[in-house]
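For reference, the chains in residue letters:
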Amino acid sequence: MKLGLVAELMQDGQVEANLARVFTRLEENKGQGYDLLCFGESFLQGFEGLTWDYQADHAIAISQDGPIIQRLQIQVRHCQTAVSFGYIEKAGEKLYSSNLLLSKDGEIVDNFRRVSVGWKEPIVNADERYAEGDGFHAFEFGGKTLTTAICGDLWHDHFLEAISQVPSDLIGSVKYFSHI
């Protein structure tokens, strides 16, 4: 399996600009033999893209079945390259720091929700609408069994123990690369 780890600039709060960067990298790598291009943590909204005002953050968050993901699904089908990226996910009233993997056919292969609380500012720690996932899991991609973690998920012994219990060929940690 040929993976591309994309160290791409992102702009905080600029979903369309960041989405355009994903589209550009997919186009540039079309036909280059990559099975998967991987973008970093919170890539679509930017690493510092949240305001910690729930209404504003809910407005910038992205649903799995929303138009942004649908546009990405069309692009990966066109380029025939799978993509993985971090984003702030909206699931009902809850917001998660998540990572989505789309197959080259545009299908959702996996959606992982960060389990550690370090992604959010202390001002919202008591606000249950800013939520964490319920654990680690394995999924199949490209003939391999994979498990995802996001950044701080690997900073705590109890999470390391939990992830070590998941049978996987590869454990990938998503971390932001750079932002502007």
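Residues numbered from 1 in each chain as written. Predicted model: local features only at pLDDT ≥ 70, side-chain atom pairs only at ≥ 80, totals over all residues. Heavy atoms only, no water.

S.K.: I'm lost on unusual backbone geometry in this one. Help?
M.R.: Trans is the prevailing form of peptide bonds, just as negative phi is the prevailing case for residues other than glycine. Phi is positive for S42, close to 55°, though the residue is something other than glycine. Residue S42 is classed as buried on the basis of its relative accessible area of 6%. One non-glycine residue, W52, adopts positive backbone phi at about 70°. Among the secondary structure elements, W52 is positioned in the loop between β2 (36–38) and α2 (54–60). (Buried < 20%, exposed > 50% of the residue type's maximum accessible area, 1.4 Å probe, protein only. Helix = DSSP H or I, 4+ residues; strand = E, 2+ residues; numbered from the N terminus.)

S.K.: Even after reading the chapter, I still don't get the packing of aromatic side chains, so can you show me in this structure?
M.R.: Describing an aromatic ring pair means giving the distance of the ring centres and the angle of the ring planes. Inspection of the entire model under this criterion finds 8 aromatic pairs. Between F85 and Y87 the ring centres are 5.7 Å apart and the planes differ by 55°, which places this aromatic pair in the tilted class. When its relative accessible area of 0% is taken as the criterion, Y87 is described as buried. Three or more aromatic residues joined by ring pairs make a cluster, and in this case those are W52, Y54, W119 and Y130. Across from the ring centre of Y34, 4.4 Å away, lies the NZ or CZ of K2, which sits over that ring. (Phe/Tyr/Trp six-rings, centres within 6.5 Å; stacked < 30°, edge-to-face > 60°. Lys NZ or Arg CZ within 6 Å of the ring centre and 35° of its normal.)

S.K.: For this particular structure, what's the right way to read the environment of M10?
M.R.: By the secondary structure assignment, M10 is in the loop between β1 (3–5) and α1 (15–28). Between the C-alpha atom of M10 and that of G46, which follows or precedes it by 36 residues, the distance is 5.7 Å.

S.K.: Sorry, what's going on with the state of the cysteines here?
M.R.: Covalent bonding between the sulfur atoms of two cysteines defines a disulfide. Counting across every chain of the model gives 0 disulfides. No disulfide involves C38; its nearest neighbouring cysteine sulfur is the one of C79, lying 15 Å away. (Disulfide = S-S within 2.5 Å.)

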